[in-house]
Amino acid sequence: MTTDLRDLYQEVILDHNKRPRNFRAMEDADRQADGHNPLCGDKVTVYVKMEDGILRDVSFVGSGCAISTASASLMTELLKGKTEGEARALFQGFRDMVAGPAPSVHAGLGKLKVLAGVREFPARIKCATLAWHTVKTALEHSGGTASTE
Amino acid sequence: MKRGNELFAVSGDPTPPDMARRRSDFPILKQRVHGKPLVYLDNASTTQKPRSVIEAITRYYETGNANVHRGVHVMSERATQAYEEARSKVARFLHARDDREIIFVRGATEAINLVAQTFGRTRLGSGDEVLITAMEHHSNIVPWQMLREQTGAVMKVAPVTDAGELDLAEYARLLNRRTRLVSVTHVSNALGTVNPVREMIEMAHLRDIPVLVDGAQAAPHMKVDVQSLDCDFYAFSGHKTYGPTGIGVLYGKAALLDAMPPYQGGGDMILQVSFEKTLYNAIPYKFEAGTPDIAGAIGLGVAIEYLEEIGMDAIAAHEHELLAYATEAVRGVPGIRIVGTAREKAGVLSFVLDGAHPHDIGTILDHEGIAIRAGHHCAMPLMERLGLPATARASFGLYNTREEVDALVGAIKKVREMFS
């Protein structure tokens, strides 16, 4: 396998694809949104439970490729316990990392750094950002639908 | 149509030399992708172009460029002659009765839209029905939905079986006194299913219902005879038929075309224009407003000559053999499932793999130099029917080889290892 392919499909990504964390619908969510990538048909629903301005619980359901599933899974882990403002900053940091003009890694992204390799795969960037667009929609106008287009 | 097992007896043999020789006619196939030889298995999306087509287009622009049907100068006469010769080649390719039955359009999509907006708008009123199938490409769904909004016409859909075959009994039941048109794909782009269009046309004609056949996936792969089929319209795309992008064909029976209003207005489609009244030109020009894609038509004509030189039967046999070989070979991959197992199939192998999404398969295969399509194949209702968000699809062309199928199977096994 070539190096950049290994960079894309790192163990962490394969693991989160196979056993996505927080993969469940949330009955008592305060915020939720659907995300859709019309190019490939990937679908995701992201749920958020807020408490005192903090994302107390974050979960998702949906169907998609390894990149979108792992990205969603890692995102839910990272966003738990963050404020809305911090979540927004992480969204920006993640987007810059995978699609910004120059390679950059936001310090707070933690394990999500494994997705940095996506920037070498232009056709797959939207797979990685789908869940993030969706959580942003959930926070800004819950009940809405996010699209990568 | 040949099936897998009888052919697999010769699986050890390489691709016959006469077809393998054809590869060198395609300059693009020489390149490497991610350091690997390019294995192009996305022919249902678009085919590569033989050198003769590329050279014909270059030659036209270097030595023959002029507008058609206009000038009295020699350049315009030459361009007109080359353009009309291309029309004759298409007519011969489809076995049409008359060159006037060949309309140049941008592709199969525009051909279907043309029929919807001319035939459809004048012949389908509120409650009248157009009958399609559940395996249509979006280009044979959306134009009818647009017509539905414009006229109140109704779109009926004949179902498909789990194997991806048309339910012919249900199709027969859906033909009724309100049906004004049947519009059906000859070959499914997503599954490779070959529809029994001859039988479907006969059944429709018993009720005097005209039939449009979307031949985008058939014309490059098998002999098409519109007179023998007795279809009323036939559409195909140049770029899937080893010709250039931007050019395609609508065949229509002359009597139907004569009775249809024009599609777009402009130059070339008129006889006489005043501000009070305009007289439309005769067919086919009535449907070719504006300067056409002259180079595209010439390129398509050369592509057709190339195919005829090899022979459509030889191409069909080669692709069936590859499909049978590939179908048998992937059976050895654990966790793979072929999607679309119709008895009659053209060279399309759609599949899903346990634990690996088609997009991941596509990316990993790409890094092995193998180009396939991953996704819904512009047939989302069909995917919905089959309960799948997407499939991976390898589709064969005349230049593909057994060695390339072996590379495909090897790469699928790598995906399998990674995701298991």
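Residues numbered from 1 in each chain as written. Chains lettered and ligands numbered in written order. Predicted model: local features only at pLDDT ≥ 70, side-chain atom pairs only at ≥ 80, totals over all residues. Heavy atoms only, no water.

Asker: How should I be thinking about the side chain of Thr-193 of chain B in this particular structure?
Answerer: With respect to the helices and strands, Thr-193 of chain B occurs in the loop between strand E7 (179–185) and helix H8 (197–205). Dropping the residues within four chain positions of it, Thr-193 of chain B is found in contact with Met-135, Gly-164, Glu-165, His-186, Val-187, Ser-188, Ala-342, Glu-344 and Lys-345 of chain B. (Helix = DSSP H or I, 4+ residues; strand = E, 2+ residues; numbered from the N terminus. Contact = heavy atoms within 4.5 Å.)

Asker: I tried to follow the pattern of salt bridges on my own but got confused; where do I start?
Answerer: When charged atoms on two side chains of opposite charge get close, those side chains can pair. Residue and element names in this part refer to chain B. If you walk through the whole model with that rule in mind, you get 37 salt bridges over all chains. Here Asp-128 and Arg-178 are joined by a salt bridge, their closest N and O atoms 3.0 Å apart. Placement of the pair is Asp-128 in the loop between helix H5 (108–123) and strand E5 (129–133) and Arg-178 in the loop between helix H7 (168–174) and E7, with a sequence separation of 50 residues. Look at Arg-178 and you get partly exposed, because its relative accessible area is 29%. (Salt bridge = Lys/Arg side-chain N within 4 Å of Asp/Glu carboxyl O. Buried < 20%, exposed > 50% of the residue type's maximum accessible area, 1.4 Å probe, protein only.)

Asker: Sorry if this is basic, but what is going on with the confidence of the model for chain B here?
Answerer: Atomic detail in the predicted coordinates should be set aside for any region of low pLDDT. All names here are of chain B. The share of residues in chain B with pLDDT of 70 or more is 96%, and the mean pLDDT across the chain is 94. This stretch, residues 1–12, has a pLDDT under 50; its non-local contacts, to residues over four places away or in other chains, come to 19 contacts. For this predicted complex, the interface score ipTM comes out at 0.88, while the overall pTM is 0.92. (pLDDT = per-residue confidence, 0-100.)

Asker: Is there a simple way to explain the layout of surface pockets in this structure?
Answerer: Think of a ball as big as a water molecule: rolled over the atoms, this probe shows where empty space is left. Each pocket or cavity is described by its volume, and for the largest pocket that value is around 590 Å³. Taken together, 25 residues make up the lining of the largest pocket; nearest its centre are Ala-123 and Arg-124 of chain A together with His-359, Thr-363 and Ala-374 of chain B. Secondary structure elements with two or more residues in the lining of the largest pocket: helix H5 (125–140) of chain A together with helix H13 (358–366), strand E15 (370–371) and strand E16 (373–375) of chain B. Element by element, the count of residues in the lining of the largest pocket is highest for H13 of chain B, at 4 residues. (1 Å grid on protein atoms, 1.4 Å probe; cavity = no way out; pocket = protein on both sides within 12 Å on 5 of 7 lines; lining within 4 Å. Points joined across faces, edges and corners; volume = space filled by probe spheres on them.)

Asker: Please explain the packing of aromatic side chains as it appears in this structure.
Answerer: Residues and elements named next belong to chain B. Per the counting criterion, the structure on display carries 11 aromatic pairs over all chains. Seen from their ring centres, Phe-26 and Tyr-399 are 4.6 Å apart, and the 70 degrees between their planes marks the pair as edge-to-face. One end of the pair, Phe-26, is in the loop between helix H2 (17–22) and strand E1 (32–33); the other, Tyr-399, is in the loop between strand E17 (391–395) and helix H15 (402–419), with 373 residues separating them in the sequence. Residue class for Phe-26 comes out buried when judged on its relative accessible area of 0%. Among the aromatic residues, those joined into a ring-pair cluster are Phe-26, Tyr-242, Tyr-306 and Tyr-399. Against the face of Tyr-325 rests Arg-402, its NZ or CZ located 4.5 Å from the ring centre. (Phe/Tyr/Trp six-rings, centres within 6.5 Å; stacked < 30°, edge-to-face > 60°. Lys NZ or Arg CZ within 6 Å of the ring centre and 35° of its normal.)

Asker: Sorry if this is basic, but what is going on with the interface of chain B and chain A here?
Answerer: Quite often, the size of an interface is put as the accessible area lost when its parts meet. In this assembly, 12 residues from chain B lie in contact with 21 residues from chain A. Around 1400 Å² of area is buried between chain B and chain A when both sides are counted, 60% of it from carbon and sulfur atoms. Among the residues of chain B in contact with chain A, His-359, His-367 and Met-418 of chain B are the three that bury the most area, contributing 36% of the side total. Counting the contacts that link chain B with chain A gives 1 salt bridge. Across the pair Asp-360 of chain B and Arg-124 of chain A runs a salt bridge whose closest N-O atoms are separated by 2.8 Å. (Buried area = accessible area lost by both parts, 1.4 Å probe.)

Asker: Help me understand the sheet that holds strand E3 (residues 54–63) of chain A, please; the structure alone is not making it clear to me.
Answerer: Backbone-to-backbone hydrogen bonds pair the strands of a sheet. The strands run either parallel or antiparallel. Residues and elements named next belong to chain A. Taking strand neighbours across the sheet as the criterion, the 4 strands line up as E3-E2-E1-E4 in an open arrangement whose pairing is mixed. Looking at the sheet topology across the chains shown, the edges are occupied by E3 and strand E4 (145–147). Sheet twist, expressed as the average angle between the axes of neighbouring strands with direction ignored, equals 20 degrees. When strand E1 (residues 31–37) meets E4, the two strands line up parallel, connected through 3 bridges. When the bridges of E4 are listed, His-36 appears paired with Ser-147. (Pairing = 2+ DSSP bridges. Axes fitted to C-alpha atoms, helices over the stretch in contact; angles between N-to-C directions.)

Asker: Help me understand the sheet that holds strand E4 (residues 102–105) of chain B in this model?
Answerer: All names here are of chain B. The strand order across the open sheet built from 7 strands is E4-E10-E9-E8-E7-E5-E6, with neighbouring strands paired in mixed fashion. With partners counted over all chains shown, the strands left at the sheet margins are E4 and strand E6 (154–158), one partner each. Taken over all neighbouring pairs, the strand axes of this sheet differ in orientation by 20 degrees on average, direction set aside. Of the pairings in the sheet, the one linking E4 to strand E10 (residues 248–252) comprises 4 bridges and is antiparallel in character. Looking across to E10, one finds that Ile-102 is bridged to Tyr-251. Strands E5, E6, E7 and strand E8 (211–214) of the sheet are contacted by helix H6 (residues 142–151), whose axis makes an angle of about 150 degrees with E6.

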